[in-house]
Amino acid sequence: MRISVTGRIMIIYGGVLLLIISLSFFLSYKGTVGGLERQLQKTNMALLKQIDQKIGTEFQQMEKNLLQLTNELEFVYFMNDSYKDNGQKNTNFYALSSKLTTFMNNNLQFSTIFVYSDVSGNILTEKLYTSKETSENQWLTEYLDMPVYFQWLPTHKIWDGQVNRDVVTLIRSYPALSAPGYRKGLVAANIDEDVLYQMIHGIYEEDFQGHTFIVDKNGEVVTHDDKTKLYSRMKELPYIQKVLSGDKSGSFVADIDDVKQTISYQTSGYTGWKIVSIVPESQMYKPLIVTRNLMIAVAAGMFLMAFIIVFFINRRTFRPIDRLIGKLSGAYRPVTDTVRGSKLQAQGVSYLESIFDQMFMDREQLEKQLRDSKPMLKWRTVMDILIGYRSEYALVQPHLEFVGLRLFPRRYVVCTAEISKEGGIDPKDEVLYTYALCNVAEEIINMENAGVAIDLGSGRAAILFSFPEGDEEQNHLRAAALLEQILDVMRKQIGLTVAAGLGGGYRELKDVPLSYAESQQALQYKMVAGGDSVISIMDVRSPDNQDYYRIVQRFDSIVDSLKQADSGRVDSLLKEIYAEAVKRNLSPDLLRQFSFELVMRSMQAVESIGINTGETLIEIGNLYERINRCENWREAEQVVGSVLQKLVEKIEIRKSQRGKNDNIDKILHFIQENYRDSGLSLDSLADEFHLSRTYISRLFKEHVEDNFIDYLINIRIEAAKQLLKDKSIKINDISDAVGYTYSRSFTRTFKKYTGLTPTEYRDQATDAEEPESPS
């Protein structure tokens, strides 16, 4: 059956109308029902945040009250086990027990409180006193060396002297801000798990149908409305894994026991626990059912109205269109009134012609806009690859072809290049120079391989190399060779120096962001390598060598001496480090690497205190090449030493500009005379010199370029080194002699600052063998 022109238009019109109605319904549904769904989800998340705020507020207040308790004098005596006699000890125990009882009465949230002294091994509660060996609560000692000052433990059982209780525990170190190894004991305040659950339960209405519980970062249950879940690990459950690995807060849908349920979670900013709410979707979106049914009924009425409009409205609506299409197709039959007919024909042709003209004009304008936007599309496509947004070659290939780029499916290397700004470059010229760098790079790369370069702004450019063959190491070397050509052209033809950081070679497109990050890391070393050089990540990447890392750990002592402008000590420490490097038989490459790293670390330290190292870099030239040209370790030591001495001079000039200060001179002399006193502190200095702690701390920052505690540690470590050379003195005696109460703390600090234990340092210092020079 042949369908007339009018019939075809009616079908098209009807289809468009139905499509509009469908889209309108869909958008209205998403906007209304979807909006209500999002509002319900936000409400649920708001409840979780309210729980988080409530728990965080109450927990922080509990911790504050607990800290106030630890400031009591009886508490200090108990922790330090410092009594004149048993009478004072018993009196103090009674007074502390009374204060614990008063504290418990004033803080009803706590069920029990344990005070553990690591000095005496005693455990005291408001009800009983036991020793560590006879107490049921020996678990306390496990947290003596916890890396933080306080920690909330998930639900566990404790013995309070009468019954086992399910509690959540706040562990607090004593002193309050003491690090592991310096602690005298612990305070543990326990809250019954039921009390914690009531904090959650009180937020929700009585008819709440879901589950709300708390798990810690390991998936262990802290509190749950189903008490059978206590002491269970939920980490193996898929939805809990998603919660633990997710963002700070979020919501998602999952099937639990074949029922679709909405899981919402909020991470506590105070404890790090995850507050989880699980609500069946049928219960979650129950308020939306009436709105959803009403909108479906309205949509059905609109579809019915559309059918009426399409099939029963006067066909005359379509007749002018029928005549126009008939005219164009040669099937138009004019009406009897020829005058009227010719007039209608002229109007119809004129209107149609104007439409066609507008269509052609729009098409030309669109082509022009597309041509103008290609550079931006190119930049966007390459940036998406560099940051990992586009990681599949098959998906990104059409975009590359559209903007005229060519890359091979595999084998990529990324470079980040930066134009030298010495002498000052106008921002407008900087853009032009970067554009020229990108053009030169693409021209050289695409002669035999493939690649693209884009402007990153601020005189930087990213260059992506793509190779048809070869392994990762070969392609890395090829990219380095091409970069040298690019830098040579920029230097000779344009008169600009360019520093280039080169990342590693990778096989897949998804790994391009790794190479890009490595290239940026390598470019940071331009401050040492110079502004006209290719810096490979292979040259600056830290080697996997334990001896190397042990030596690098000692850089901190050199940097500290450098900031104090102690030229003699810098030279002495430098000789010690190179002697150890030779003794440990580091390879020549590692010797050069750690020389390079030491200079880099020193320059960063000098820059951090506000001293510009730009002039020093110009004076020493290309340090990277100078170190690489060294034929033995002694030459490398001389090169590094000369650089460090220049930096010392810079700091001395800075200090001389500040002028002298009698107070700091007296304080430093006092420290030199009294560093053996284990009680030496900012407070004792403040009492001795009648100055404030804040003022003394500022004097150290301004005139010593260091803080008080680091300065004191350095003096003690240097004194310990001298004593260690005498094998007749025991390590414990040396610890006492340089101001350390505990030998374990002394050993830990000595190893951190020297990279060696006291015993290892003593063996090395007394070793009569001369180190062999590496070839």
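About the criteria used
Residues numbered from 1 in each chain as written. Predicted model: local features only at pLDDT ≥ 70, side-chain atom pairs only at ≥ 80, totals over all residues. Heavy atoms only, no water. 1 Å grid on protein atoms, 1.4 Å probe; cavity = no way out; pocket = protein on both sides within 12 Å on 5 of 7 lines; lining within 4 Å. Points joined across faces, edges and corners; volume = space filled by probe spheres on them. Helix = DSSP H or I, 4+ residues; strand = E, 2+ residues; numbered from the N terminus. Nonpolar A, V, L, I, M, F, W, Y, C, P; charged D, E, K, R; others polar. Axes fitted to C-alpha atoms, helices over the stretch in contact; angles between N-to-C directions. Parallel < 35°, antiparallel > 145°, perpendicular 65-115°, else oblique. Left-handed = near helix turned anticlockwise from the far one by under 90°. Contact = heavy atoms within 4.5 Å. Phe/Tyr/Trp six-rings, centres within 6.5 Å; stacked < 30°, edge-to-face > 60°. Buried < 20%, exposed > 50% of the residue type's maximum accessible area, 1.4 Å probe, protein only. Pairing = 2+ DSSP bridges.

**Student:** Which residues make up the layout of surface pockets, and what values go with them?
**Tutor:** Quantified by volume, the largest pocket comes out at close to 850 Å³. Lining the largest pocket are 24 residues, and of these Tyr182, Ser678, Leu680, Ser681 and Ile709 lie nearest its centre. Of all elements in the fold, only helix H24 (682-689) and helix H26 (708-724) reach the threshold of two or more residues within the lining of the largest pocket. Per element, the largest residue contribution to the lining of the largest pocket is 5 residues, and it comes from H26. Of the residues that constitute the lining of the largest pocket, the class distribution is 13 nonpolar, 7 polar and 4 charged.

**Student:** Any chance you could break down unusual backbone geometry for me, citing the residues and the numbers?
**Tutor:** Along the chain, Tyr174 connects to Pro175 via a cis peptide bond; the corresponding omega equals 0°. A positive phi angle is found at Asp81, which is not glycine, with a value near 55°. Checked against the element boundaries, Asp81 lands in the loop between helix H2 (73-80) and helix H3 (86-106).

**Student:** Describe empty space enclosed by the protein, and please don't skip the residues or the numbers.
**Tutor:** The gaps left among the atoms become clear once a water-sized probe is rolled over them. Under the criterion given, the structure shown has 1 cavity of 30 Å³ or more. Here the largest cavity defines a volume of roughly 30 Å³. Lining the largest cavity are Arg411, Tyr412, Gly470, Asp471, Glu472, Asn475, Gly505, Tyr506 and Arg507. Across the lining of the largest cavity, the residue classes tally to 2 nonpolar, 3 polar and 4 charged.

**Student:** So what about the packing of helix H23 (residues 662-674) against H26? Which residues, and what values?
**Tutor:** The geometry of a pair of packed helices is captured by two quantities: the angle between their axes and the separation between those axes. The N-to-C vectors of H23 and H26 enclose an angle of 40°; their axes lie 10 Å apart at closest approach. The orientation of H23 relative to H26 falls into the category oblique. The crossing of H23 and H26 is right-handed. For the pair formed by H23 and H26, the contact residues are Leu668, Ile671 and Gln672 on the first element and Phe708, Tyr711, Leu712 and Ile715 on the second. Looking at the contact of H23 with H26 residue by residue, the classes come out as 6 nonpolar, 1 polar and no charged.

**Student:** Give a description of the packing of aromatic side chains that names residues and reports values.
**Tutor:** Within the structure shown, the criterion is met by 16 aromatic pairs. Where Phe59 meets Trp152, the ring centres are 3.7 Å apart and the plane angle is 10°; that geometry is what we call stacked. Placement of the pair is Phe59 in helix H1 (residues 5-70) and Trp152 in strand E4 (residues 150-159), with a sequence separation of 93 residues. Assigned by exposure class, Phe59 and Trp152 land together as buried. When the ring of Phe150 is compared with that of Tyr270, the centres are 5.4 Å apart and the planes differ by 20°; the resulting orientation is stacked.

**Student:** Now, about helix H17 (residues 555-563): what can you tell me, with residues and values included?
**Tutor:** Among the 9 residues of H17, 8 are classified as buried, and the element is accordingly described as predominantly covered. Along H17, the positions that sit buried rather than exposed are Phe555, Ser557, Ile558, Val559, Asp560, Ser561, Leu562 and Lys563. Looking one or two residues past H17, Ala565 carries a phi angle of roughly 60°, positive in sign.

**Student:** Please provide a residue-by-residue account of the pairing of strand E11 (residues 274-280), values included.
**Tutor:** On any regular strand, side chains alternate: one points to one face of the sheet, the next to the other face. Summarising burial for E11: 7 of the 7 residues are buried, a large majority. With burial as the criterion, each face of E11 is covered, one bearing Lys274, Val276, Ile278 and Pro280 and the other bearing Ile275, Ser277 and Val279. As paired elements, strand E7 (residues 211-215) and E11 share 5 bridges and run antiparallel to each other. Across the sheet, Ile214 pairs through a bridge with Ile275, a residue of E11. Judged from the 7 bridges that link them, strand E10 (residues 259-267) and E11 form a sheet pairing that is antiparallel. Bridging across to E11, Ile263 finds its partner in Ile278. Between E10 and the antiparallel strand that follows it, E11, lie 6 residues; Gly272 among them carries a positive phi value of about 80°.

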